[in-house]
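Take a look at the letters that make up each chain.
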Amino acid sequence: MKSAIRFNADTALLELIKNWQDWLLKERLYSQNTLDGYSRDLASFLAKVKDAPLNKDDLAALDIHDFRKFLSRQAARNLNKSSMCRELSSVRNFFKWLERKKILKNPAIDVISSPKKAKILPKALDVEDSFNILKKAAKLETEAWQGLRDTAVLTLLYGCGLRISEALSLNVGDINAQSEFLRVKGKGNKERLVPLLPVIWHNIEAYLAQCPYQMNVGEPLFLGARGERISPRIIQRQLQKLRSVLGLPDTVTPHALRHSFATQLLAEGTNLRSIQELLGHASLSTTQRYTDVQIETMQREYHKAHPLEKSE
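Predicted model only: the values in this text are computed from it and were never measured.

Novice: In this structure, what is going on with the overall build of the protein? I would like to understand it.
Specialist: Each helix and strand counted, the protein has 16 helices and two strands in total. Out of the 312 residues in the protein, the part that is buried amounts to 40%. Taking as baseline every contact in the protein between residues at least 6 positions apart, the subset at least 24 positions apart corresponds to 63%.

Novice: I would appreciate a short explanation of unusual backbone geometry in the present structure.
Specialist: Peptide bonds are trans in most cases, and residues, glycine excluded, mostly fall at negative phi. One non-glycine residue, L29, adopts positive backbone phi at about 60°. As for its position among the elements, L29 is in the loop between α1 (11–26) and α2 (32–49). The phi torsion at K102 lies on the positive side, around 60°, for a residue other than glycine. With respect to the secondary-structure elements, K102 resides in the loop between α5 (81–100) and α6 (108–111). Looking at K102, the relative accessible area reads 77%, which means it is exposed.

Novice: I keep staring at helix α7 (residues 127–137) and nothing clicks. Help me out?
Specialist: Within α7 the residues assigned to the buried category are S130, I133, L134 and A137. Taken around the axis of α7, the buried residues stretch over an arc of 95°, which confines them to a single face. Among the exposed residues of α7, those pointing more than 90 degrees away from its buried face are E128 and K135. Contacts made by the buried residues of α7 are with α8 (144–160), α11 (232–246) and α12 (254–267). Its side-chain oxygen at 3.3 Å from the backbone nitrogen of E128, D126 defines the N-terminal cap of α7.

Novice: Just to check I follow, could you spell out the side chain of E87 for this structure?
Specialist: For E87, the position within the fold is in helix α5. Summary of buried charges: E87 has no salt-bridge partner, and the nearest side chain of opposite charge, R86, is 4.2 Å away. Each residue touching E87, except ones within four places of it in the same chain, is listed here: D41, S44, F70, Q74 and L79.

Novice: Would you explain the environment of R226 in this entry?
Specialist: Locating R226 in the fold gives a position in the loop between α10 (198–210) and α11. By relative accessible area, R226 is classed as exposed at 77%. Sequence separation of R226 and Y213 is 13 residues, and the distance between their C-alpha atoms is 9.1 Å.

Novice: Even after reading the chapter, I still don't get a positive patch on the surface, so can you show me in this structure?
Specialist: Taken together, the side chains of R28, R100, K101 and K190 present a region of like positive charge at the surface. Along the chain, the position of R28 falls in the loop between α1 and α2.

Novice: It is not clear to me how the packing of aromatic side chains should be interpreted in this structure. Could you clarify?
Specialist: Any aromatic ring pair is given by two values, namely how distant the centres are and how the planes are angled relative to each other. Under the criterion given, the structure shown has 13 aromatic pairs. Judged by centre distance (6.5 Å) and plane angle (25°), the rings of W145 and Y207 are stacked. Of this pair, W145 sits in helix α8 while Y207 sits in helix α10, and the two are 62 residues apart along the sequence. Judged by its relative accessible area of 8%, W145 falls in the buried class. One aromatic cluster is present, formed by W20, Y30, Y38, F45, F67, F70, F94, F95 and W97 through successive ring pairs. The ring centre of W145 lies 5.7 Å from the NZ or CZ of R149, which sits over that ring.

Novice: What should I look at first to understand the pattern of salt bridges in this one?
Specialist: Oppositely charged side chains may form a pair once their charged atoms are brought near each other. This model, assessed by the stated rule, comprises 13 salt bridges. Across the pair K96 and E99 runs a salt bridge whose closest N-O atoms are separated by 3.9 Å. Of this pair, K96 and E99 both sit in helix α5, separated by three residues, roughly a single helical turn. In this structure K96 comes out as partly exposed when scored by relative accessible area, which is 27%. We classify E99 as partly exposed; its relative accessible area is 27%. Between R243 and D250 there is a salt bridge, and its shortest N-O distance comes to 3.8 Å. R243 gets classed as buried once you look at its relative accessible area, which sits at 14%. Note on D250: relative accessible area 62%, which makes it exposed.

How each quantity is defined
- Residues numbered from 1 in each chain as written.
- Predicted model: local features only at pLDDT ≥ 70, side-chain atom pairs only at ≥ 80, totals over all residues.
- Heavy atoms only, no water.
- Helix = DSSP H or I, 4+ residues; strand = E, 2+ residues; numbered from the N terminus.
- Buried < 20%, exposed > 50% of the residue type's maximum accessible area, 1.4 Å probe, protein only.
- Contact = heavy atoms within 4.5 Å.
- Arc of directions from axis to C-beta.
- Polar contact = N/O pair within 3.5 Å; in protein donor to acceptor, adjacent residues only side chain to side chain.
- Lys, Arg positive; Asp, Glu negative; His and termini not counted.
- Salt bridge = Lys/Arg side-chain N within 4 Å of Asp/Glu carboxyl O.
- Patch = residues over 30% accessible without salt bridge, like charges linked within 9 Å, V, L, I, M, F, W, Y side chains within 5 Å.
- Areas by Shrake-Rupley, 256 points an atom, 1.4 Å probe, with all protein chains shown as cover.
- Charge placed at Lys NZ, Arg CZ, Asp CG, Glu CD.
- Phe/Tyr/Trp six-rings, centres within 6.5 Å; stacked < 30°, edge-to-face > 60°.
- Lys NZ or Arg CZ within 6 Å of the ring centre and 35° of its normal.

Keep in mind these values describe shape, not function.
Structure follows, in structure tokens:
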């Protein structure tokens, strides 16, 4: 169980933090997990800026050295750069919200730079492993309908490139036999259209036919054992089992299926701009990581297959 979040702030600043959290949840439509992460990042920052409870005037008076000192303290704790960037992003979000609400403005937050993150290539599966996961998924659950549900979810991740949160947020009626496209609501409440392959609806239909719960239009599509919207943890746990059964590495996660979707499309000649639209990436530079994956894969296949390499 996660510990309660405690902010090093006076009563007035606590009220502002509460309003910011409400804005993230109700207007930005962030998930509860994302809100929890942002809140913990801000709490960590406030705890390290000053010992006594801070007020809004303290925040307005912070200079660039205060922000750099915070990052230095986090680095001294051996916090990785990705986590430091995320924390700074959360803090920056709060300060920007304060500025938009005309509560206070702190120019130093615009000057501070995020730590440079190491370039991490997406971990994609090859086509054979991707298909093996889909074939084996239905056989791991003791209840047949739950196995069909898992297969349908994993098919959406691999066949449409969805994030796990996007797949599990679908409701009854979002997809049907006549659907040629799926309307996906992604990060930042941005919508995109993704083409639907017949096999995707076929797998969903098979799950719906076996599901023991009555579902109405607008209600959760993928249900857990008690009839509630399924948790991402269930799918993550099933992939852990599949990794063990199929002898796959720990990098095989629900998100790896999304990476596989993009990488395999690129291998077949799909242009980057189209892949960007399908994945819902705000920036093309994010999608360009998949070209590096392709180069890495090509080098590996070359060294494995070329006769000169084998002759040494």
